[in-house]
Structures are given as C-alpha cells and as structure tokens.
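# Architecture and fold: a report
Spelled out from the first residue to the last, the chains are:
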Amino acid sequence: EVDSPVGILPPSMRELRHRLLFRDRIVGVARAGHRAIGRALSPAAFAALEHVVIMPNTTNTFGEAVDVALEAQGLERNRRFVTPNYITASHLLEKTDMVALLPLSLASRFRDRFGLAELALPVDVPEFEVHISWHDRTHRHAAHIWFRDQVMQSLDPRQQGIDMLREDTFIR
C-alpha cells in the first residue's frame, strides 16, 4: 500500500485524488560523442540503434509513446539492455554507444554528470504529466498534507528556475 505515489497517472488510479506536479517530455540521449548526435535519423535508423530500455515496473516501459509511434511504421527499438532505473541507463550510456529515452527533467540533470547529449527523435510524441496521488482517507490528515506539500514544492520546476517546456531547456 502506497500513500502518495508520484508519477505518470495510470488509468487504474483515476479514482484517487491527484495534483499535477509538472509536465515533461521524452528526449533521446546518448554519450556526447555518439555518431548519431546532431544527425536527423529516419525512424528505421533510430530504431536500429542499440537501446537501453527503462522499464520501471513489469507492465510499463518509459518511452512507450515512442514505441507506439515506431510500431505504427512497422518498427521496434533494438533493445540491447533493460533496466528498471534511470541511473543505470545513464551509466551505460556514458561508456557505450547505446542510446536511451529519458524525461527531459532527468536528462538535463544528467547531461554534465554522464556526458550526455540530446539525440533528435524521428517521431513526434506528446508531453506527459507527472502527478502526486492520494486517497480520500488521507486528504485532510495533517502529516499527509505536510508530506504532499513538501513533494509538490521539491518537484516544482519553477522553484528550481526550470521551465520544462521551453525550447531552450533541451540538451544541446
């Protein structure tokens, strides 16, 4: 049982209370010296690259919107490594020629630490929303209110001077 999950809102959680924390977008990333950086790749060329796939749970893969867009063209990503977390993916990208899909909010923070650069996506994907959710039974509980406020403040991009949807927020 989880009191206040944070993440992309799955349909099964629609009956809970929610608060939008921020909007983000999917970006492709690779080590800064990767041969695909700065090139306009076709969907087929992008899919053929060796991908680190981030699968935070057993049912969802981060970047599913990209997978759906590729599948509509009869393509799928060349999955070379699957990991449940973003840090492992970033470590792998730093030392290999693999690529990955990350939220822009993380990619911008990992850029310098792991020597990453943005890889242009060959398909259009919508932005996504990150919410905090909670049950009615904790809605007015003082400790839960305090906790939710702390999470909301710490994840508010405006508090950090970041506008996740501005064009110049992209990794260059």
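For the structure, see preceding data.
So, here's what we can say about the structure.

## Structural notes on the sheet that holds strand S4 (residues 50-54)
Strands sit in the order S5-S4-S6-S3-S7 across an open sheet of five strands; the sheet is mixed. Edge positions in the sheet fall to strand S5 (78-83) and strand S7 (116-119), since each has one partner strand and no second. In this sheet, adjacent strand axes meet at a mean angle of 40° when their direction is disregarded. For strand S3 (residues 26-31) and S7, the ladder comprises four bridges, and the chain directions are antiparallel. Considered in S7, the bridge of Arg31 is made with Leu116.

## Examining the packing of helix H3 (residues 86-95) against helix H4 (residues 104-114)
In contact at an axis separation of 11 Å, H3 and H4 are set at 40° when each is read in the N-to-C sense. Overall, the two elements H3 and H4 adopt an arrangement that is oblique. Considering the relative orientation of H3 and H4, their crossing is right-handed. Contacts between H3 and H4 pair Tyr86, Ile87, Ser90, His91 and Glu94 from the former with Leu106, Phe110, Arg113 and Phe114 from the latter.

## A look at the sheet that holds strand S2 (residues 17-24)
Judged by pairing direction, the sheet is antiparallel, and its three strands sit side by side in the order S1-S8-S2 without closing on themselves. At either end of the open sheet lies a strand with only one pairing partner, and these are strand S1 (6-7) and S2. In this sheet, strand S8 (residues 128-134) lies alongside S1 in antiparallel orientation, the contact comprising two bridges. Paired with Gly7 across the two strands is His131, which belongs to S8. The strands touched by helix H5 (residues 142-154) are S1, S2 and S8; relative to S8, the strand with the most contacts, the crossing angle is about 165°.

Cut-offs applied
- Residues numbered from 1 in each chain as written.
- Predicted model: local features only at pLDDT ≥ 70, side-chain atom pairs only at ≥ 80, totals over all residues.
- Heavy atoms only, no water.
- Pairing = 2+ DSSP bridges.
- Helix = DSSP H or I, 4+ residues; strand = E, 2+ residues; numbered from the N terminus.
- Axes fitted to C-alpha atoms, helices over the stretch in contact; angles between N-to-C directions.
- Parallel < 35°, antiparallel > 145°, perpendicular 65-115°, else oblique.
- Left-handed = near helix turned anticlockwise from the far one by under 90°.
- Contact = heavy atoms within 4.5 Å.

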